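So you can see what is in the structure, the chains are spelled out below.
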Amino acid sequence: MTSLKTKIIGLLAGLVMTGSAFAGDLVINFDDPNPAPKAGFEAAVEAFKAAHPDVNVIVNINDREAHKTAIRNFLSADAPDITAWYPGNRMAPFVDAGQFEDISDLWASDANLSRNFEAIKPTMTRHGKQWGVPYSYYQWGIYYRADIFAKHGIEEPKTWNQLLSACDTLKANGITPFTIGTKYLWTAAGVFDYLNLRTNGYEVHNALTAGEIKYTDDRIMATFKNWQTMLDRCSFVNNHATMSWQDAIAPFANGEAAMYVMGNFSVAAYKDAGLTDAQIDFFQFPSITPGLARAEEAPADALFIPSGAKNKADARKFLSFIARPEIQGAWNKTIGQLPPNSRAPINKADKFIVEGFETVSTAAGLAQFYDRDAPAEMASEGMKGFQEFMINPDRMDRILQRLDQVQKRVYK
Amino acid sequence: MNPETNSDQSQSWHRANRQKIAPQKIAPWLFLAPALLFFAVYVILPIFQSLWISLYAWDGIGARQWVGSGNYVELFDDYRFYTALKNNIIWLVLYMLAVPAGLFVALFLNQNIWGMRFYKSMFFFPFVISQVVVGLIFTWFYNPNFGIIGQVWQFFGATPPSILGDERFVTYGIIFAGLWPQIAYCMILYLTGLNNVSSDQIEAGRLDGAKGWRMLRYVILPQLWPATFLAIVVTVIGALRSFDMIAIMTQGGPYGSSNVLSYFMFEQALSEYGFRMGYGSAIAVILFLIMLIFISYFLWVMYQDEKRG
């Protein structure tokens, strides 16, 4: 419901959104009105204003879903000077349509961008050029009920077999090992990504989302067989197809389920559901194929300059400003995420941030997430296939053959 | 009236009268003009635009690429299209239940007892609230964990079905939710129809010994034909454009099994992972052709009625 309503509001907002920007004005369209993200962004804007009193910053904050729709209108009709968007394949349509400004020059010359963003640079790159500056990213992994694990004497699993036997213990005690809500599909992609990254590694995963290997490839089949094992021995909550990721927190909070493959943004929601820091903890998705270099999911949020921007000089100044370690540190402390600048300070008081930083900074490769790594149409069909597989694992062959067909059509 | 035939009239009268007649001819067009303009711009033109766009591969922002019938070839080879089409047919058939159900409720409510206005407004209630709210209410209603369905099943010690999460039940679950307001709509049409049923004919029928079913079948129903026709028209159109319920309750899921053409079109052309404008337009064209069959039939029936009346 919200997405439809907000889309309409977004369209309207896109139409109304200020057209009267003068030189010296810097218009920024940001996409998250939730309290913490808004506060983090606004603090960065205030710091920029203090450093550049001559620039008049005008901020439009829109709802995330509304922004996704509105951006297609405002980029061509009335471009702001800076807009929030996502890297990876999500930026591809705008880059290819020439609607984002190439800022490779900034990446080459800026003291921070040229040195402290090595890990994230590939995801901001398309056709060998850089198109935006990331301000935040977050780790994925398995969040679990530390109190339940302790009660049944389960250790944080490091390997696949340890995970499976932890599941056996949980099931023997009447607890569903994993919760998930796949109504909006993408949560299932998180599980797939990790299984594939752990079974086949980063290179194969990348090749798959780049359309270079088939879904019926033996290596991908192996991933699905592992998933089948996970479904059999671990099992997920029933009715996950009718739940959103927030709905799926209910069984996690009331102790019916003990683990959740999720991104770090979910921690706030666990706490809202009444769980304390002592009750929840995090571990990296266990290794499956021994000796494989560990790659992680770490989706980034970024800011871009539309090619129709009127004040590109100040926009570049702003992007360079938010790449600074102290700005990235403060911003991500507020929103509880990780700063992409490797020199930025992290919030040591937050155990999830400390573990998350450890997880991603030592990773051999960073995936953006299935729906950002694969083109939109492939992602949409792929995620439907993952959901169908989770409900009907016996249809594996049919689903994979179908995804092959989609792949053939999408990557021409 | 034709002023030219009156030879006694002076030239000046002719002129004056002509000036009077001209506005009489223009006036209806003047009044129609705004509606015609909007109809042309927002209905007729987009139909042809959709036809045109359906011949391209286009993401909405980049360059268009001519693919001719490519989108249609792909569509007719797309299992998702057949899932949506099949669901549309199920919608059409089952949604029709709203017509007899609405008639039944209307007959039941067409009595003079104390508090009838209250009962009528209660039955009409689902039509007044937004489809979005209806969808949400039924989503909770069907929830196996905390919904009524779940509670009832658990009371009997059974595992509750996941109606919206099971490809076998999901479409029926949504249609059932959609029937609730649709029955109320048909009921209102019949209630107004029943107001116009002539009491003389009922009297006459009663004198001739008709009662119960025969009275309904041979005296009342024929007089309700205009209401029935209208109820069928709005129900067919409602079934074909079913969208809100699906968007709210399942988003076409699980894995596309509750999709219908209108939502499939939205998903392909406008949703987060869509923006295949050409393909979406091709779906729109097919949906339009299906609707055209019904619409032309309805228009033909109405035209026949006009001719007779």
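Student: I'd like a description of the packing of helix 8 (residues 186–200) of chain A against helix 9 (residues 202–209) of chain A, backed by residues and values.
Tutor: All names here are of chain A. Interaxial distance between helix 8 and helix 9 falls to 7 Å at its minimum, and their mutual angle equals 130°. Accordingly, the angle class assigned to the pair helix 8 and helix 9 is oblique. Taken together, the residues of helix 9 that come into contact with helix 8 (itself represented by F192, D193, N196, L197 and N200) are Y202, V204, H205 and L208. Classifying every residue of the contact of helix 8 with helix 9 gives 5 nonpolar, 3 polar and 1 charged.

Student: Any chance you could break down the interface of chain A and chain B for me, citing the residues and the numbers?
Tutor: Each partner contributes residues to the interface: chain A has 32 residues there, and chain B has 31 residues. Taking both sides of the interface into account, the surface hidden between chain A and chain B amounts to around 2800 Å²; carbon and sulfur atoms contribute 55%. Between E267 of chain B and K384 of chain A there is a salt bridge, and its shortest N-O distance comes to 3.1 Å. The interface formed by chain A and chain B includes 12 residue pairs in polar contact (both at pLDDT 80 or more). Counting only elements with at least two residues in the side of chain A that touches chain B, the list comes to helix 1 (2–16), helix 3 (64–77), helix 4 (92–96), helix 17 (376–391) and helix 18 (396–410) of chain A. Counting residues per element, the side of chain A that touches chain B draws most heavily on helix 17 of chain A, at 9 residues. Broken down by class, the residue content of the side of chain A that touches chain B amounts to 11 nonpolar, 7 polar and 14 charged.

Student: Which residues make up the nonpolar core, and what values do they have?
Tutor: Ranked by internal contacts, the top residues of the largest apolar core, which has 58 residues, are F178, W227, M259 and Y370 of chain A. The biggest single contributor to this core is helix 10 (residues 218–234) of chain A, with 7 residues. Leave out the neighbours within four places in its chain, and M259 of chain A touches I142, Y143, Y144, F149, L163, C167, L170, P177, F178, T179, F252 and F283 of chain A. Judged by nonpolar contacts, the second largest core, of 56 residues, contains W91, I163, L179 and A227 of chain B.

Student: Could you give an account of the domain arrangement of chain A, with specific residues and numbers?
Tutor: All names here are of chain A. Along its sequence, chain A is carved into domain 1 (2–137 + 300–367) and domain 2 (140–297 + 375–410). Each of domain 1 and domain 2 has a C-alpha centre, and the two are 29 Å apart. Facing the 15 residues of domain 1 at the interface are 18 residues of domain 2. Summed over both partners, the interface of domain 1 with domain 2 buries about 1400 Å², with 52% contributed by carbon and sulfur atoms. Among the residues of domain 1 in contact with domain 2, F352, T359 and A367 are the three that bury the most area, contributing 42% of the side total. Here domain 1 is connected to domain 2 by 0 salt bridges. The interface formed by domain 1 and domain 2 holds 10 residue pairs in polar contact (both at pLDDT 80 or more) in total. Contributions of two or more residues to the side of domain 1 that touches domain 2 are made by helix 15 (351–361) and strand 13 (365–367). Here the side of domain 1 that touches domain 2 gets 6 residues from one element, more than from any other, and that element is helix 15. Tallied by class, the residues present in the side of domain 1 that touches domain 2 amount to 6 nonpolar, 6 polar and 3 charged.

Student: Could you give an account of the packing of helix 6 (residues 131–142) of chain B against helix 8 (residues 170–195) of chain B, naming the residues involved and the relevant values?
Tutor: Residues and elements named next belong to chain B. Put simply, helix 6 and helix 8 touch, their axes get as near as 10 Å, and they point 135° apart. By the angle between their directions, the pair helix 6 and helix 8 is classed as oblique. The handedness of the crossing between helix 6 and helix 8 comes out as right-handed. Residue-level inspection shows Q131, V134, F138 and Y142 of helix 6 in contact with helix 8, the latter providing G173, F176, A177, W180 and P181.

Conventions and cut-offs
Starting from 1, residues in each chain are numbered consecutively following that chain's sequence as written. Lettering of chains starts at A and numbering of ligands starts at 1, both following the order in which they are written. For a predicted model such as this one, the threshold for reporting local features is a pLDDT of at least 70, and the threshold for listing and counting side-chain atom pairs is 80 or more; totals across whole chains, interfaces and linings nevertheless cover every residue. Values shown for side chains rest on all heavy atoms present in the structure; no hydrogens or waters enter the calculation. Helix axes are fitted only over the stretch in contact, all axes being lines through C-alpha atoms; the angle between N-to-C directions runs from 0 to 180 degrees. For the purposes of this entry, the term helix denotes a DSSP run of H or I that reaches at least four residues, the term strand denotes a run of E that reaches at least two, and both are numbered from the N terminus. Between 65 and 115 degrees an angle is taken as roughly perpendicular, under 35 as roughly parallel, over 145 as roughly antiparallel, and anywhere else as oblique. In this description, contact between two residues means that some pair of their heavy atoms is separated by no more than 4.5 Å. Under the scheme applied here, ten amino acids are nonpolar (Ala, Val, Leu, Ile, Met, Phe, Trp, Tyr, Cys and Pro), four are charged (Asp, Glu, Lys and Arg), and all others, including Gly, are polar. The term buried area refers to how much accessible surface (probe radius 1.4 Å) is lost by two components on association, counted for both of them together. The salt bridge criterion pairs a side-chain nitrogen of Lys or Arg with a carboxyl oxygen of Asp or Glu, the two atoms within 4 Å. Pairs of N or O atoms are called polar contacts if they sit within 3.5 Å, as long as, within protein, a hydrogen donor faces a hydrogen acceptor (for residues adjacent in sequence, only side-chain-to-side-chain pairs). Grouping buried Ala, Val, Leu, Ile, Met, Phe, Trp, Tyr and Cys residues that are joined through side-chain atoms within 4.5 Å yields what is termed a nonpolar core. The buried label applies to any residue whose accessible area, calculated with a 1.4 Å probe on protein chains only, is under 20% of its type's maximum; exposed applies above 50%, and partly exposed to all values in between. Domains are outlined according to an automatic or database domain assignment. With the far helix as reference, a near helix turned anticlockwise by less than a right angle produces a left-handed crossing, and one turned clockwise produces a right-handed crossing.

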